[in-house]
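# Close look at the chain arrangement
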Amino acid sequence: MSKNHEPSTGSLKSNGQAASLDPRVLIVGGGIGGLALALSLRQLDVSCTVFEAAPHVRELGVGINILPHGARALKSLGLLGELDDIAIRTRKLRYLNHLGQQVWTSECGLWGGHDMPQLSIHRGRLHGVLWRAAQARLPAGALRNGHRLQSFTQDADGVTARFTLADGIKVEERGDVLVGADGIHSVLRSLLHPEDGGIRWQGSQLWRGAVDWPVFESGNVMLIAADRMAKLTIYPIAEGRSAGTRLTNWVMNGKVASGAFPPPRREDWSRPGKLEEVLPFVTRLRLPFLDVEALIRTTPQFFEYPECDRDPLPWWTQGRVTLLGDAAHPMYPTGSNGATQTILDARCLAKLMSELAPEAALNAYEAERLPRTAEVVRTNRRGGPERVMDLVAERAPEGFTCLEDVITSAELTDIVGGYARLVGLADPQ
Ligand SMILES: Cc1cc2nc3c(=O)[nH]c(=O)nc-3n(C[C@H](O)[C@H](O)[C@H](O)COP(=O)(O)OP(=O)(O)OC[C@H]3O[C@@H](n4cnc5c(N)ncnc54)[C@H](O)[C@@H]3O)c2cc1C
(Lines give C-alpha, C1' and ligand atoms only; values in the text may rest on other atoms or scores of the structure.)
Protein backbone atom coordinates (compact mmCIF):
# COMPACT_ATOMS: atom_id res chain seq x y z
CA MET A 1 0.00 0.00 0.00
CA SER A 2 1.39 3.44 -0.79
CA LYS A 3 1.34 6.52 1.39
CA ASN A 4 -1.15 8.16 -0.96
CA HIS A 5 -3.15 5.04 -1.70
CA GLU A 6 -6.82 5.80 -2.26
CA PRO A 7 -8.80 4.48 0.68
CA SER A 8 -11.41 1.83 0.06
CA THR A 9 -14.30 3.98 1.24
CA GLY A 10 -13.65 7.35 -0.40
CA SER A 11 -10.98 9.95 -0.98
CA LEU A 12 -8.84 11.45 1.74
CA LYS A 13 -9.30 14.95 3.04
CA SER A 14 -6.37 17.10 1.95
CA ASN A 15 -4.04 18.61 4.51
CA GLY A 16 -4.69 22.03 5.93
CA GLN A 17 -8.43 21.67 6.35
CA ALA A 18 -9.77 22.88 9.65
CA ALA A 19 -9.34 20.49 12.54
CA SER A 20 -12.55 18.96 13.80
CA LEU A 21 -13.54 20.69 17.02
CA ASP A 22 -12.71 17.73 19.19
CA PRO A 23 -10.57 15.28 17.27
CA ARG A 24 -10.72 11.77 18.66
CA VAL A 25 -7.60 9.68 18.51
CA LEU A 26 -7.89 5.88 18.46
CA ILE A 27 -4.72 4.38 19.93
CA VAL A 28 -3.98 0.73 19.20
CA GLY A 29 -1.80 -0.74 21.95
CA GLY A 30 -1.62 0.15 25.63
CA GLY A 31 2.12 -0.40 26.05
CA ILE A 32 4.67 2.25 26.92
CA GLY A 33 4.07 4.31 23.76
CA GLY A 34 0.28 4.04 23.60
CA LEU A 35 -0.10 5.09 27.23
CA ALA A 36 2.45 7.92 26.96
CA LEU A 37 0.48 9.19 23.97
CA ALA A 38 -2.87 8.90 25.75
CA LEU A 39 -1.60 10.78 28.82
CA SER A 40 0.00 13.47 26.65
CA LEU A 41 -3.19 13.96 24.60
CA ARG A 42 -5.27 14.11 27.76
CA GLN A 43 -2.98 16.81 29.14
CA LEU A 44 -3.62 18.83 25.97
CA ASP A 45 -7.39 18.22 26.02
CA VAL A 46 -7.41 15.99 22.93
CA SER A 47 -9.81 13.04 23.26
CA CYS A 48 -8.50 9.54 22.83
CA THR A 49 -9.30 5.90 23.46
CA VAL A 50 -6.72 3.17 24.00
CA PHE A 51 -7.43 -0.33 22.68
CA GLU A 52 -5.14 -2.96 24.19
CA ALA A 53 -5.17 -6.58 22.98
CA ALA A 54 -4.20 -8.14 26.33
CA PRO A 55 -7.30 -8.97 28.40
CA HIS A 56 -5.57 -7.95 31.65
CA VAL A 57 -2.65 -5.71 32.53
CA ARG A 58 0.29 -7.62 33.92
CA GLU A 59 3.59 -6.05 34.88
CA LEU A 60 5.76 -7.89 32.37
CA GLY A 61 9.38 -7.58 31.32
CA VAL A 62 12.66 -6.88 33.05
CA GLY A 63 14.91 -3.81 32.97
CA ILE A 64 14.49 -0.81 30.72
CA ASN A 65 16.05 2.65 30.68
CA ILE A 66 14.59 6.11 30.46
CA LEU A 67 17.21 8.58 29.26
CA PRO A 68 17.07 12.20 30.51
CA HIS A 69 15.03 13.51 27.58
CA GLY A 70 12.50 10.73 28.14
CA ALA A 71 12.47 11.53 31.86
CA ARG A 72 11.76 15.18 31.01
CA ALA A 73 8.67 14.09 29.10
CA LEU A 74 7.50 11.94 32.01
CA LYS A 75 8.11 14.82 34.40
CA SER A 76 5.85 17.03 32.35
CA LEU A 77 3.20 14.32 32.75
CA GLY A 78 3.66 14.58 36.51
CA LEU A 79 5.00 11.03 36.81
CA LEU A 80 8.68 11.51 37.52
CA GLY A 81 8.34 11.48 41.32
CA GLU A 82 6.45 8.19 41.35
CA LEU A 83 8.89 6.59 38.91
CA ASP A 84 11.88 7.90 40.83
CA ASP A 85 10.58 6.07 43.92
CA ILE A 86 10.67 2.68 42.18
CA ALA A 87 13.67 3.14 39.87
CA ILE A 88 17.40 3.66 40.22
CA ARG A 89 18.95 6.91 39.09
CA THR A 90 21.83 5.65 36.98
CA ARG A 91 24.97 7.56 37.76
CA LYS A 92 27.59 6.07 35.52
CA LEU A 93 27.96 3.95 32.39
CA ARG A 94 31.09 1.86 31.98
CA TYR A 95 32.17 -0.14 28.93
CA LEU A 96 34.68 -2.91 29.68
CA ASN A 97 36.46 -5.57 27.66
CA HIS A 98 35.98 -9.28 28.44
CA LEU A 99 38.67 -9.06 31.15
CA GLY A 100 37.01 -6.13 32.89
CA GLN A 101 39.45 -3.48 31.61
CA GLN A 102 37.71 -0.16 31.11
CA VAL A 103 37.20 1.08 27.55
CA TRP A 104 34.89 4.02 28.22
CA THR A 105 33.07 5.68 31.07
CA SER A 106 30.66 8.56 31.22
CA GLU A 107 28.45 10.13 33.86
CA CYS A 108 24.70 9.79 33.29
CA GLY A 109 21.64 11.91 34.02
CA LEU A 110 22.11 14.68 36.57
CA TRP A 111 25.73 13.60 37.14
CA GLY A 112 26.32 13.98 33.41
CA GLY A 113 25.12 17.60 33.40
CA HIS A 114 21.55 16.90 32.23
CA ASP A 115 18.62 18.58 33.95
CA MET A 116 16.94 15.19 34.45
CA PRO A 117 18.02 11.81 35.79
CA GLN A 118 18.47 8.66 33.77
CA LEU A 119 16.15 6.04 35.24
CA SER A 120 16.84 2.32 35.16
CA ILE A 121 13.54 0.64 35.97
CA HIS A 122 11.58 -2.59 35.72
CA ARG A 123 9.59 -2.35 32.48
CA GLY A 124 6.50 -3.84 34.11
CA ARG A 125 6.57 -1.30 36.95
CA LEU A 126 6.98 1.58 34.48
CA HIS A 127 4.04 0.18 32.54
CA GLY A 128 2.03 -0.12 35.77
CA VAL A 129 2.62 3.54 36.63
CA LEU A 130 1.52 4.65 33.17
CA TRP A 131 -1.52 2.37 33.20
CA ARG A 132 -2.74 3.56 36.62
CA ALA A 133 -2.21 7.20 35.62
CA ALA A 134 -4.23 6.59 32.46
CA GLN A 135 -6.97 4.90 34.49
CA ALA A 136 -7.12 7.87 36.83
CA ARG A 137 -6.96 10.59 34.20
CA LEU A 138 -8.84 9.33 31.14
CA PRO A 139 -12.63 9.37 31.12
CA ALA A 140 -14.46 6.12 31.87
CA GLY A 141 -14.34 3.77 28.90
CA ALA A 142 -11.25 5.35 27.31
CA LEU A 143 -8.96 2.49 28.32
CA ARG A 144 -10.16 -0.79 26.84
CA ASN A 145 -8.53 -4.16 27.36
CA GLY A 146 -9.20 -7.21 25.23
CA HIS A 147 -9.45 -5.28 21.94
CA ARG A 148 -7.23 -6.67 19.20
CA LEU A 149 -7.02 -4.59 16.03
CA GLN A 150 -7.87 -6.51 12.86
CA SER A 151 -8.36 -3.91 10.12
CA PHE A 152 -9.30 -0.32 9.34
CA THR A 153 -10.77 1.85 6.61
CA GLN A 154 -10.64 5.61 6.26
CA ASP A 155 -12.60 8.21 4.33
CA ALA A 156 -12.85 11.96 4.08
CA ASP A 157 -14.36 12.34 7.53
CA GLY A 158 -12.60 9.84 9.70
CA VAL A 159 -11.27 6.38 10.27
CA THR A 160 -13.01 3.15 11.30
CA ALA A 161 -11.02 0.55 13.22
CA ARG A 162 -12.21 -3.02 13.62
CA PHE A 163 -11.33 -5.08 16.68
CA THR A 164 -11.89 -8.63 17.84
CA LEU A 165 -12.71 -9.01 21.52
CA ALA A 166 -11.36 -11.81 23.67
CA ASP A 167 -14.61 -13.79 23.23
CA GLY A 168 -14.41 -13.47 19.44
CA ILE A 169 -17.02 -10.74 19.08
CA LYS A 170 -16.13 -8.08 16.52
CA VAL A 171 -16.60 -4.36 17.20
CA GLU A 172 -16.00 -1.16 15.23
CA GLU A 173 -14.86 2.23 16.48
CA ARG A 174 -14.90 5.52 14.64
CA GLY A 175 -12.37 8.30 15.21
CA ASP A 176 -10.49 11.11 13.51
CA VAL A 177 -7.08 9.49 13.69
CA LEU A 178 -5.76 5.94 14.20
CA VAL A 179 -2.33 5.44 15.78
CA GLY A 180 -0.63 2.04 15.76
CA ALA A 181 1.33 1.73 18.99
CA ASP A 182 0.98 -2.02 18.83
CA GLY A 183 4.60 -3.03 19.23
CA ILE A 184 7.11 -5.00 17.21
CA HIS A 185 4.44 -7.31 15.70
CA SER A 186 2.23 -4.37 14.77
CA VAL A 187 -0.88 -5.32 12.84
CA LEU A 188 -1.31 -1.74 11.69
CA ARG A 189 2.19 -1.70 10.27
CA SER A 190 1.50 -4.85 8.27
CA LEU A 191 -1.77 -3.37 6.96
CA LEU A 192 0.01 -0.18 5.85
CA HIS A 193 3.09 -1.99 4.55
CA PRO A 194 2.15 -5.52 3.46
CA GLU A 195 5.46 -5.67 1.56
CA ASP A 196 7.52 -5.01 4.71
CA GLY A 197 10.36 -7.52 4.99
CA GLY A 198 9.50 -8.55 8.56
CA ILE A 199 11.78 -9.12 11.50
CA ARG A 200 15.52 -8.62 10.83
CA TRP A 201 18.03 -10.57 12.82
CA GLN A 202 21.82 -10.78 12.61
CA GLY A 203 22.23 -13.93 14.69
CA SER A 204 22.45 -12.65 18.28
CA GLN A 205 20.30 -14.03 21.04
CA LEU A 206 19.57 -12.08 24.23
CA TRP A 207 18.90 -13.70 27.59
CA ARG A 208 17.38 -11.27 30.10
CA GLY A 209 16.72 -11.59 33.79
CA ALA A 210 16.50 -9.68 37.05
CA VAL A 211 17.51 -10.93 40.48
CA ASP A 212 18.32 -9.51 43.92
CA TRP A 213 22.10 -9.24 43.88
CA PRO A 214 24.67 -7.64 46.19
CA VAL A 215 25.25 -3.95 45.49
CA PHE A 216 28.22 -3.44 43.19
CA GLU A 217 30.20 -0.24 42.76
CA SER A 218 28.00 2.54 44.18
CA GLY A 219 24.73 0.72 43.47
CA ASN A 220 23.84 2.89 40.49
CA VAL A 221 26.27 1.95 37.73
CA MET A 222 25.53 0.29 34.39
CA LEU A 223 28.29 -2.05 33.22
CA ILE A 224 28.56 -3.44 29.71
CA ALA A 225 31.35 -5.94 29.15
CA ALA A 226 33.02 -7.70 26.18
CA ASP A 227 31.85 -7.54 22.57
CA ARG A 228 29.31 -8.67 20.00
CA MET A 229 30.32 -12.35 20.27
CA ALA A 230 29.33 -12.53 23.96
CA LYS A 231 28.35 -9.43 25.87
CA LEU A 232 27.00 -8.81 29.35
CA THR A 233 24.96 -5.76 30.37
CA ILE A 234 24.20 -5.41 34.07
CA TYR A 235 22.56 -2.62 36.07
CA PRO A 236 20.39 -2.24 39.15
CA ILE A 237 16.73 -1.32 38.60
CA ALA A 238 15.29 -1.15 42.15
CA GLU A 239 16.06 -1.69 45.81
CA GLY A 240 16.45 -5.36 46.68
CA ARG A 241 14.31 -7.19 49.23
CA SER A 242 17.23 -7.71 51.62
CA ALA A 243 19.82 -5.28 52.96
CA GLY A 244 22.81 -4.72 50.73
CA THR A 245 21.09 -5.93 47.56
CA ARG A 246 19.50 -4.36 44.53
CA LEU A 247 17.12 -5.86 42.01
CA THR A 248 19.71 -6.21 39.28
CA ASN A 249 18.94 -6.52 35.60
CA TRP A 250 21.24 -8.53 33.38
CA VAL A 251 21.30 -9.20 29.68
CA MET A 252 23.62 -11.77 28.15
CA ASN A 253 24.04 -11.35 24.42
CA GLY A 254 25.45 -14.30 22.47
CA LYS A 255 26.15 -14.71 18.78
CA VAL A 256 24.40 -17.97 17.87
CA ALA A 257 24.45 -17.70 14.08
CA SER A 258 26.11 -15.64 11.42
CA GLY A 259 24.40 -14.14 8.42
CA ALA A 260 20.90 -12.76 8.29
CA PHE A 261 18.06 -15.23 8.85
CA PRO A 262 14.71 -15.16 10.56
CA PRO A 263 15.23 -15.76 14.31
CA PRO A 264 14.98 -19.45 15.32
CA ARG A 265 11.87 -18.84 17.44
CA ARG A 266 9.23 -16.12 17.20
CA GLU A 267 10.27 -13.15 19.29
CA ASP A 268 8.23 -13.17 22.47
CA TRP A 269 9.08 -10.93 25.42
CA SER A 270 8.04 -13.66 27.88
CA ARG A 271 9.70 -16.77 26.42
CA PRO A 272 11.73 -18.54 29.17
CA GLY A 273 15.46 -18.94 28.48
CA LYS A 274 17.46 -22.14 28.99
CA LEU A 275 20.57 -22.32 31.18
CA GLU A 276 22.36 -24.71 28.83
CA GLU A 277 21.96 -22.23 25.97
CA VAL A 278 23.22 -19.14 27.76
CA LEU A 279 26.04 -20.53 29.91
CA PRO A 280 28.47 -21.32 27.03
CA PHE A 281 28.66 -17.59 26.30
CA VAL A 282 29.52 -16.78 29.90
CA THR A 283 32.84 -18.62 29.65
CA ARG A 284 34.20 -15.91 27.35
CA LEU A 285 33.86 -13.37 30.15
CA ARG A 286 36.54 -13.20 32.82
CA LEU A 287 35.43 -10.33 34.99
CA PRO A 288 37.46 -10.29 38.21
CA PHE A 289 34.70 -8.61 40.22
CA LEU A 290 31.64 -10.61 39.11
CA ASP A 291 30.69 -14.28 38.99
CA VAL A 292 28.45 -14.10 35.94
CA GLU A 293 27.53 -17.77 36.04
CA ALA A 294 26.34 -17.43 39.65
CA LEU A 295 24.33 -14.35 38.71
CA ILE A 296 22.52 -16.27 36.00
CA ARG A 297 22.09 -19.49 38.00
CA THR A 298 20.63 -17.51 40.93
CA THR A 299 17.99 -15.86 38.74
CA PRO A 300 14.73 -17.78 39.29
CA GLN A 301 13.40 -17.10 35.79
CA PHE A 302 14.96 -15.48 32.79
CA PHE A 303 13.87 -14.90 29.22
CA GLU A 304 15.23 -15.31 25.72
CA TYR A 305 14.65 -12.73 23.01
CA PRO A 306 16.43 -12.34 19.69
CA GLU A 307 18.28 -9.08 19.13
CA CYS A 308 16.09 -7.98 16.27
CA ASP A 309 14.54 -5.00 14.54
CA ARG A 310 12.83 -4.17 11.26
CA ASP A 311 14.05 -2.14 8.31
CA PRO A 312 13.24 1.57 8.60
CA LEU A 313 10.04 2.39 6.73
CA PRO A 314 9.82 4.98 3.94
CA TRP A 315 6.68 6.43 5.54
CA TRP A 316 4.48 5.90 8.61
CA THR A 317 1.48 8.03 7.80
CA GLN A 318 -1.31 7.44 5.35
CA GLY A 319 -4.06 10.03 5.62
CA ARG A 320 -5.43 9.68 9.14
CA VAL A 321 -3.39 6.68 10.17
CA THR A 322 0.14 6.52 11.55
CA LEU A 323 2.57 4.40 13.57
CA LEU A 324 4.44 5.04 16.80
CA GLY A 325 7.13 3.39 18.93
CA ASP A 326 8.14 -0.19 18.19
CA ALA A 327 5.41 -0.44 15.56
CA ALA A 328 7.20 2.30 13.62
CA HIS A 329 10.86 1.72 14.47
CA PRO A 330 11.75 -1.35 16.55
CA MET A 331 15.45 -1.16 17.32
CA TYR A 332 18.27 -3.09 18.92
CA PRO A 333 18.53 -2.31 22.64
CA THR A 334 22.06 -0.95 22.17
CA GLY A 335 22.18 2.55 23.59
CA SER A 336 19.05 1.98 25.76
CA ASN A 337 16.82 3.97 23.43
CA GLY A 338 13.67 1.90 22.70
CA ALA A 339 11.42 3.32 25.40
CA THR A 340 12.82 6.85 25.27
CA GLN A 341 12.38 7.24 21.51
CA THR A 342 8.83 5.93 21.89
CA ILE A 343 8.02 8.48 24.58
CA LEU A 344 9.49 11.24 22.40
CA ASP A 345 7.24 10.09 19.53
CA ALA A 346 4.24 10.32 21.85
CA ARG A 347 5.04 13.84 23.06
CA CYS A 348 5.68 15.06 19.54
CA LEU A 349 2.47 13.59 18.11
CA ALA A 350 0.30 14.82 20.98
CA LYS A 351 1.58 18.38 20.68
CA LEU A 352 1.00 18.44 16.92
CA MET A 353 -2.49 16.93 17.32
CA SER A 354 -3.37 19.78 19.65
CA GLU A 355 -2.18 22.37 17.13
CA LEU A 356 -3.01 21.12 13.62
CA ALA A 357 -5.73 19.41 11.63
CA PRO A 358 -5.45 15.62 11.96
CA GLU A 359 -3.75 14.84 8.67
CA ALA A 360 -1.41 17.81 8.87
CA ALA A 361 -0.48 16.79 12.42
CA LEU A 362 0.33 13.25 11.36
CA ASN A 363 2.45 14.40 8.44
CA ALA A 364 4.36 16.89 10.60
CA TYR A 365 4.92 14.20 13.22
CA GLU A 366 6.34 11.83 10.63
CA ALA A 367 8.59 14.54 9.19
CA GLU A 368 10.03 15.22 12.62
CA ARG A 369 10.36 11.72 14.00
CA LEU A 370 10.88 9.28 11.11
CA PRO A 371 14.31 10.40 9.82
CA ARG A 372 15.84 10.54 13.26
CA THR A 373 14.52 7.24 14.54
CA ALA A 374 15.44 5.52 11.25
CA GLU A 375 19.02 6.65 11.76
CA VAL A 376 18.98 5.32 15.33
CA VAL A 377 17.78 1.92 14.02
CA ARG A 378 20.60 1.84 11.45
CA THR A 379 23.25 3.02 13.90
CA ASN A 380 22.17 0.45 16.52
CA ARG A 381 22.60 -2.31 13.92
CA ARG A 382 26.23 -1.29 13.63
CA GLY A 383 26.65 -1.47 17.39
CA GLY A 384 25.58 2.06 18.36
CA PRO A 385 27.88 3.54 20.99
CA GLU A 386 28.94 0.02 22.02
CA ARG A 387 30.80 -0.28 18.71
CA VAL A 388 33.84 1.00 20.61
CA MET A 389 33.86 -2.28 22.53
CA ASP A 390 33.88 -4.30 19.31
CA LEU A 391 36.75 -2.21 17.96
CA VAL A 392 38.79 -2.75 21.11
CA ALA A 393 38.05 -6.49 21.04
CA GLU A 394 39.14 -6.73 17.39
CA ARG A 395 42.34 -4.76 17.94
CA ALA A 396 43.30 -6.19 21.34
CA PRO A 397 41.63 -9.61 21.75
CA GLU A 398 43.85 -10.50 24.71
CA GLY A 399 43.41 -7.18 26.50
CA PHE A 400 45.64 -4.13 26.60
CA THR A 401 48.24 -2.38 28.71
CA CYS A 402 47.48 1.11 27.44
CA LEU A 403 44.05 1.84 25.96
CA GLU A 404 45.39 4.75 23.88
CA ASP A 405 47.53 2.25 21.94
CA VAL A 406 44.33 0.47 20.89
CA ILE A 407 41.83 3.28 20.35
CA THR A 408 42.36 7.01 20.62
CA SER A 409 40.23 9.17 22.89
CA ALA A 410 39.17 11.13 19.79
CA GLU A 411 37.80 7.94 18.19
CA LEU A 412 36.01 7.00 21.41
CA THR A 413 34.46 10.43 21.79
CA ASP A 414 33.51 10.54 18.15
CA ILE A 415 31.56 7.26 18.31
CA VAL A 416 29.97 7.62 21.76
CA GLY A 417 29.42 11.39 21.56
CA GLY A 418 28.10 11.13 18.00
CA TYR A 419 25.51 8.63 19.19
CA ALA A 420 24.39 10.90 22.04
CA ARG A 421 23.82 13.70 19.51
CA LEU A 422 21.90 11.38 17.18
CA VAL A 423 19.45 10.20 19.83
CA GLY A 424 18.79 13.76 21.02
CA LEU A 425 20.67 13.63 24.30
CA ALA A 426 22.62 16.70 23.29
CA ASP A 427 19.49 18.66 22.25
CA PRO A 428 18.74 21.87 24.19
CA GLN A 429 17.14 21.05 27.56
C1 LIG B 1 5.17 -7.97 27.53
C2 LIG B 1 6.30 -7.03 27.13
C3 LIG B 1 7.50 -7.09 27.85
C4 LIG B 1 8.57 -6.26 27.48
N5 LIG B 1 9.73 -6.32 28.20
C6 LIG B 1 10.76 -5.50 27.87
C7 LIG B 1 11.96 -5.50 28.63
O8 LIG B 1 12.09 -6.24 29.60
N9 LIG B 1 12.97 -4.68 28.27
C10 LIG B 1 12.84 -3.84 27.18
O11 LIG B 1 13.78 -3.10 26.89
N12 LIG B 1 11.71 -3.81 26.45
C13 LIG B 1 10.67 -4.61 26.77
N14 LIG B 1 9.51 -4.57 26.03
C15 LIG B 1 9.45 -3.68 24.85
C16 LIG B 1 9.32 -2.24 25.21
O17 LIG B 1 8.18 -2.00 26.00
C18 LIG B 1 9.26 -1.47 23.91
O19 LIG B 1 10.42 -1.79 23.15
C20 LIG B 1 9.28 0.04 24.04
O21 LIG B 1 8.98 0.48 25.29
C22 LIG B 1 8.37 0.66 23.00
O23 LIG B 1 7.01 0.60 23.47
P24 LIG B 1 5.76 0.35 22.53
O25 LIG B 1 4.59 0.94 23.23
O26 LIG B 1 6.04 0.78 21.15
O27 LIG B 1 5.63 -1.22 22.47
P28 LIG B 1 5.17 -2.21 23.63
O29 LIG B 1 5.55 -1.71 24.97
O30 LIG B 1 5.64 -3.55 23.20
O31 LIG B 1 3.55 -2.16 23.57
C32 LIG B 1 2.79 -2.65 22.48
C33 LIG B 1 1.39 -2.95 23.02
O34 LIG B 1 0.50 -3.21 21.92
C35 LIG B 1 -0.32 -4.31 22.27
N36 LIG B 1 -0.80 -4.91 21.00
C37 LIG B 1 -0.09 -5.69 20.15
N38 LIG B 1 -0.87 -6.01 19.08
C39 LIG B 1 -2.08 -5.42 19.26
C40 LIG B 1 -3.27 -5.37 18.50
N41 LIG B 1 -3.41 -5.99 17.30
N42 LIG B 1 -4.33 -4.66 18.99
C43 LIG B 1 -4.22 -4.00 20.18
N44 LIG B 1 -3.10 -4.03 20.95
C45 LIG B 1 -2.03 -4.71 20.49
C46 LIG B 1 0.59 -5.21 23.09
O47 LIG B 1 -0.13 -6.11 23.88
C48 LIG B 1 1.38 -4.19 23.90
O49 LIG B 1 0.73 -3.87 25.12
C50 LIG B 1 8.43 -5.38 26.36
C51 LIG B 1 7.22 -5.33 25.66
C52 LIG B 1 6.16 -6.13 26.03
C53 LIG B 1 4.83 -6.06 25.26
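For the structure itself, consult the block above.
Below: a short report on this structure.

### As for the sheet that holds strand β2 (residues 47–51)
The five strands are arranged β8-β2-β1-β12-β18 in an open sheet whose pairing can be described as parallel. In this open sheet, the two edge strands, each paired with only one partner strand, are β8 (143–144) and β18 (321–323). Where strand β1 (residues 24–28) lies against strand β12 (residues 177–180), four bridges are found, and the strand directions are parallel. Its bridge partner being in β12, Ile27 is matched across the sheet by Val179. Lying on the sheet, helix α1 (residues 32–43) is in contact with β1, β2, β8 and β12; it crosses β1 at an angle near 165°.

### Looking at the pairing of strand β16 (residues 245–255)
Across the 11 residues of β16, 10 count as buried, placing the element largely inside the fold. Taken together, the 11 bridges between strand β13 (residues 199–214) and β16 define a ladder with antiparallel strand orientation. In the strand pairing of β16, Val211 is matched with Thr248. Sheet topology note: the strand β15 (residues 230–239)/β16 ladder contains nine bridges and is antiparallel.

### A closer look at the site of the ligand
By nearness alone, 28 residues border the ligand, and Gly33, Glu52, Val62, Arg208 and Asp326 come closest of all. Residue Ala53 places a main-chain N or O atom 3.1 Å away from a nitrogen atom belonging to the ligand. In this structure, Gly63 approaches the ligand through a main-chain N or O atom, which is 3.2 Å from a nitrogen atom. Protein chains shield 86% of the accessible area of the ligand, which is 910 Å² for the free molecule. Those elements that place two or more of their residues in the shell around the ligand are α1, β3 (63–66), β9 (147–155) and α8 (338–355).

Calculation notes
Residues numbered from 1 in each chain as written. Predicted model: local features only at pLDDT ≥ 70, side-chain atom pairs only at ≥ 80, totals over all residues. Heavy atoms only, no water. Pairing = 2+ DSSP bridges. Helix = DSSP H or I, 4+ residues; strand = E, 2+ residues; numbered from the N terminus. Contact = heavy atoms within 4.5 Å. Axes fitted to C-alpha atoms, helices over the stretch in contact; angles between N-to-C directions. Buried < 20%, exposed > 50% of the residue type's maximum accessible area, 1.4 Å probe, protein only. Near = heavy atom within 4 Å. Polar contact = N/O pair within 3.5 Å; in protein donor to acceptor, adjacent residues only side chain to side chain. Areas by Shrake-Rupley, 256 points an atom, 1.4 Å probe, with all protein chains shown as cover.

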